[in-house]
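Descriptive structure summary
Okay, here's what each chain looks like letter by letter:
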Amino acid sequence: MLHLGSVGRRFGSVEALRDVSLDIGNGDFVALLGPSGCGKSTLLRLIAGLDQPDTGSVMWDKGHQPTQGEIGFVFQDATLLPWASAADNVFLPLRLRGMSRDQAMQLVHEALARVGLHGFAQSLPRQLSGGMRMRVSIARAVVTRPRLLLMDEPFAALDEFTRHKLQEDLLALWHELGCTIVFVTHSIYEAAFLARRIVLMTPRPGRIDHEIASPLRPGAAARFDPAYAALVAQVTHEMQRALAA
Amino acid sequence: MKYAPTLFGVAVLIAWEAAVRIAQVPSYLVPGPLAIVAAFLADPSGLLASLASTLLVTFAALFVAASLGVVLAVAIASSRLLAAAIQPWAVVLQVTPIVAIAPLIIVWVGNPFAALVVCATIVAFFPVFANTAAGLASAPAELVDLFRLYGAGRIATLRLLRLPAALPYFLAGLRISGGLALVGAVVAEFVAGSGGFASGLAYRILEAGYRLQIPRMFAALVLLSLAGIAINFGLGAFAAMVIRRRGDG
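Not measured: the values here are computed from a predicted model. (Residues numbered from 1 in each chain as written. Chains lettered and ligands numbered in written order. Predicted model: local features only at pLDDT ≥ 70, side-chain atom pairs only at ≥ 80, totals over all residues. Heavy atoms only, no water.)

1. With respect to the overall build of chain B
- A count of helices and strands for chain B gives ten helices and zero strands.
- Walking chain B from its N terminus toward its C terminus, one meets helices and strands in the order α-α-α-α-α-α-α-α-α-α.
- Along the first, second and third principal axes, the C-alpha atoms of chain B reach 75 × 50 × 25 Å.
- For chain B, with 249 residues in total, the buried portion stands at 43%. (Helix = DSSP H or I, 4+ residues; strand = E, 2+ residues; numbered from the N terminus. Buried < 20%, exposed > 50% of the residue type's maximum accessible area, 1.4 Å probe, protein only.)

Printed below as a string of structure tokens:
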């Protein structure tokens with residue numbers, strides 16, 4: 001679907017990314033894993049087209065340029081409009097594409113139901129818990145049926161139990177929608193549980209160290225799979241080695 | 001606790017009245033509260049008509065300041081060039097003492113009502129302008145990115161993101177500007193004197209001063225204070241209501 005070729009990006013004297021190459025295929029679930037400051041978020045913004053690389057290129061298959069709504073983005077904060085209801089927040093991407101409220105409402109309610117927020121359409125963000133706000137944010141990202149879903153540490157600010165539930169629901173959603181997900185995280189556990197491909201990144205300058213393929217069967221049961229514990233151990237070990245180098 | 005301000009106020013009024021009576025201070029020096037009330041009751045319609053005249057100037061100026069403030073704030077939010085061009089002049093306007101330029105404005109504008117409104121507008125303009133500009137810039141960067149991602153143009157981003165985000169800031173600015181518009185109206189009336197509109201409360205204060213009707217002067221002053229308090233509370237309640245109705249208060 002997408003090919004990053006020797007991508008580099010610097011901000012003033014800080015080299016955020018150097019020589020990053022990565023292929024992302026249709027239906028992939030890729031975790032970009034690394035400590036703070038390794039350029040994970042910058043990479044995600046480059047993929048989204050919100051920023052341009054200084055060197056190298058971000059190429060889509062067959063020169064296809066993604067159209068509005070083909071990419072969904074979920075930020076670390078839910079970043080909802082505080083004055084708008086859950087339904088209106090989810091309506092936003094469709095509204096910006098010129099769809100009328102009547103046309104959109106069916107899709108909006110479908111998206112809310114998909115993230116388990118059926119019955120909360122009229123709730124305002126401040127009336128929802130942190131986990132529910134994040135669910136609205138995910139519904140907003142998937143309402144356009146994107147081919148590619150980019151997520152920037154979306155669950156980092158949630159408590160452990162809420163995070164587990166959202167991770168499991170995200171896997172179910174990924175299955176259901178069949179989209180591609182690139183998920184930025186600094187949690188080894190999260191990367192190991194969610195992703196099919198775990199891409200290890202190191203900071204200063206941000207680089208891809210190498211990539212680990214997950215042997216797990218994705219799903220809630222994976223948490224109790226000994227292979228999950230082994231994967232976490234492997235990733236931890238290789239991350240330590242990469243950071244020490 | 002809730003009644004503390006009222007009780008304190010009443011105590012001060014009683015002490016004031018007592019002091020004036022015991023020391024036999026003549027009312028042309030310091031009138032007691034009762035004398036002030038009596039002065040008001042002697043000509044309530046005249047003073048209230050003057051109050052209405054001053055409030056008319058105040059609200060006209062507040063309306064112009066708010067409209068101009070929002071338009072210019074949107075202008076500087078949408079263009080760096082306009083921001084660079086406008087911002088310094090807004091500050092110049094803010095730091096210029098209105099007392100110093102009011103006589104010029106009164107001469108230039110000609111129409112006394114319009115001249116007073118211009119003066120009060122200059123005083124009231126800055127808070128609503130600066131607050132709205134800050135509010136327009138307050139939209140979180142991630143949301144701005146999200147709008148970009150979905151291909152939203154400048155107008156759509158302004159309408160659906162920046163303006164709604166600026167609303168609480170605008171309302172806070174409006175509240176400050178409301179009080180300042182009253183101050184501006186009064187200052188302009190003072191400067192204009194009898195050459196101006198000659199009907200506002202400030203003119204009544206001047207007039208009563210010349211005639212040594214000190215209790216009437218105080219009565220006009222009290223009305224001004226009450227008007228200022230009412231504007232402040234009214235705009236505060238208005239802001240709270242708008243935000244509550246919108247749901248994010």
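2. Some remarks on the sheet that holds strand S8 (residues 197-202) of chain A
Residue and element names in this part refer to chain A.
- Here six strands make up an open sheet; going across it, the order is S5-S6-S7-S3-S8-S9 and the pairing mixed. Of all strands in the sheet, those bounded by a partner on one side alone are strand S5 (71-74) and strand S9 (207-213). Shown here is a sheet whose adjacent strand axes are inclined to one another by a mean of 15 degrees, direction ignored.
- Note that strand S3 (residues 29-33) and S8 share four bridges and pair parallel. Opposite leucine 33, over in S8, you have leucine 200 as the bridge partner.
- Lying over the sheet, helix H1 (residues 40-48) contacts S3, S5, strand S6 (148-152), strand S7 (180-185) and S8, oriented at roughly 155 degrees with respect to S6. (Pairing = 2+ DSSP bridges. Axes fitted to C-alpha atoms, helices over the stretch in contact; angles between N-to-C directions. Contact = heavy atoms within 4.5 Å.)

3. Let's talk about the pattern of salt bridges
Residue and element names in this part refer to chain A.
- Evaluated as defined, the whole model comprises 21 salt bridges over all chains.
- Residues arginine 197 and glutamate 211 are paired through a salt bridge, measuring 2.5 Å at the closest nitrogen-oxygen approach. Residue arginine 197 is found in strand S8, and its partner glutamate 211 is found in strand S9; the two are separated by 14 residues along the sequence.
- What you see here is one network of salt bridges that share partners, running through Arg9, Asp51 and Asp54. (Salt bridge = Lys/Arg side-chain N within 4 Å of Asp/Glu carboxyl O.)

4. Considerations on the side chain of arginine 135 of chain A
All names here are of chain A.
- Inspection of the secondary structure assignment puts arginine 135 in helix H4 (residues 130-142).
- According to the relative accessible area criterion, arginine 135 is buried, its value standing at 13%.
- Within the structure, arginine 135 has its side chain in polar contact with the backbone oxygen of valine 115 (distance 2.9 Å).
- Among all residues touching arginine 135, those that are not within four sequence positions of it are Val115, Leu117, Lys165, Leu166 and Asp169. (Polar contact = N/O pair within 3.5 Å; in protein donor to acceptor, adjacent residues only side chain to side chain.)

5. Looking at the packing of helix H2 (residues 86-96) of chain A against helix H8 (residues 154-192) of chain B
- Contact geometry for H2 of chain A and H8 of chain B: axes closest at 12 Å, N-to-C directions at 165 degrees. The orientation of H2 of chain A relative to H8 of chain B falls into the category roughly antiparallel. Crossing hand, H2 of chain A versus H8 of chain B: right-handed. Contacts between H2 of chain A and H8 of chain B involve Leu92, Arg95 and Leu96 of chain A on the former and, on the latter, Ala156, Arg159 and Leu160 of chain B.
- Of the residues contributing to the contact of H2 of chain A with H8 of chain B, the split by class is four nonpolar, no polar and two charged. (Parallel < 35°, antiparallel > 145°, perpendicular 65-115°, else oblique. Left-handed = near helix turned anticlockwise from the far one by under 90°. Nonpolar A, V, L, I, M, F, W, Y, C, P; charged D, E, K, R; others polar.)

6. Some words on the pairing of S8 of chain A
All names here are of chain A.
- In terms of burial, S8 is largely enclosed, as six of its six residues are buried.
- Neither face of S8 is left uncovered, since the one carrying Arg197, Val199 and Met201 and the one carrying Ile198, Leu200 and Thr202 both have all their residues buried.
- When S8 meets S9, the two strands line up antiparallel, connected through six bridges. Paired with isoleucine 198 across the two strands is isoleucine 212, which belongs to S9.
- Connecting S8 to the next strand, S9, in antiparallel fashion are four residues, including arginine 204 with a positive phi near 50 degrees.

7. Considering the packing of aromatic side chains
All names here are of chain A.
- Within this structure, the stated rule accounts for eight aromatic pairs over all chains.
- Note on phenylalanine 29 and phenylalanine 183: the rings are 6.1 Å apart at their centroids and 40 degrees apart in plane angle, and the pair reads as tilted. Taken as a pair, phenylalanine 29 in strand S3 and phenylalanine 183 in strand S7 lie far apart in primary sequence, 154 residues in all.
- We classify phenylalanine 29 as buried; its relative accessible area is 0%.
- The exposure class of phenylalanine 183 is buried, given its relative accessible area of 1%.
- Here the aromatic cluster, defined as three or more aromatic residues joined through ring pairs, consists of Phe29, Phe155, Trp174 and Phe183.
- Stacked on the ring of phenylalanine 193, the Lys or Arg arginine 223 has its end atom at 3.8 Å from the ring centre. (Phe/Tyr/Trp six-rings, centres within 6.5 Å; stacked < 30°, edge-to-face > 60°. Lys NZ or Arg CZ within 6 Å of the ring centre and 35° of its normal.)

8. Brief notes about the nonpolar core
- Ranked by size, the top nonpolar core spans 57 residues in total, and within it Phe29, Val108, Leu112, Ile138, Ile181 and Ile198 of chain A carry the most contacts.
- Broken down by element, the residue count for this core peaks at seven residues, all from H4 of chain A.
- Once you skip the residues sitting within four places of it in the chain, leucine 112 of chain A turns out to touch Ala86, Ala87, Val90, Leu117, His118, Ala121 and Ala139 of chain A.
- Counting residues in each nonpolar core, the second largest holds 43 residues, with Leu32, Leu46 and Phe73 of chain A together with Leu143 of chain B among its members. (Core = buried A, V, L, I, M, F, W, Y, C linked by side-chain atoms within 4.5 Å.)

9. Digging into the interface of chain A and chain B
- Facing the 25 residues of chain A at the interface are 20 residues of chain B.
- Of the roughly 2000 Å² buried between chain A and chain B on both sides combined, carbon and sulfur atoms contribute 67%.
- Contact with chain B buries area across many residues of chain A, yet Leu50, Trp83 and Leu96 of chain A alone supply 35% of it, more than any other trio.
- Joining chain A to chain B, the criterion identifies two residue pairs in polar contact (both at pLDDT 80 or more).
- Going through the elements one at a time, H1, S5, H2 and H4 of chain A are the ones with two or more residues in the side of chain A that touches chain B. (Buried area = accessible area lost by both parts, 1.4 Å probe.)

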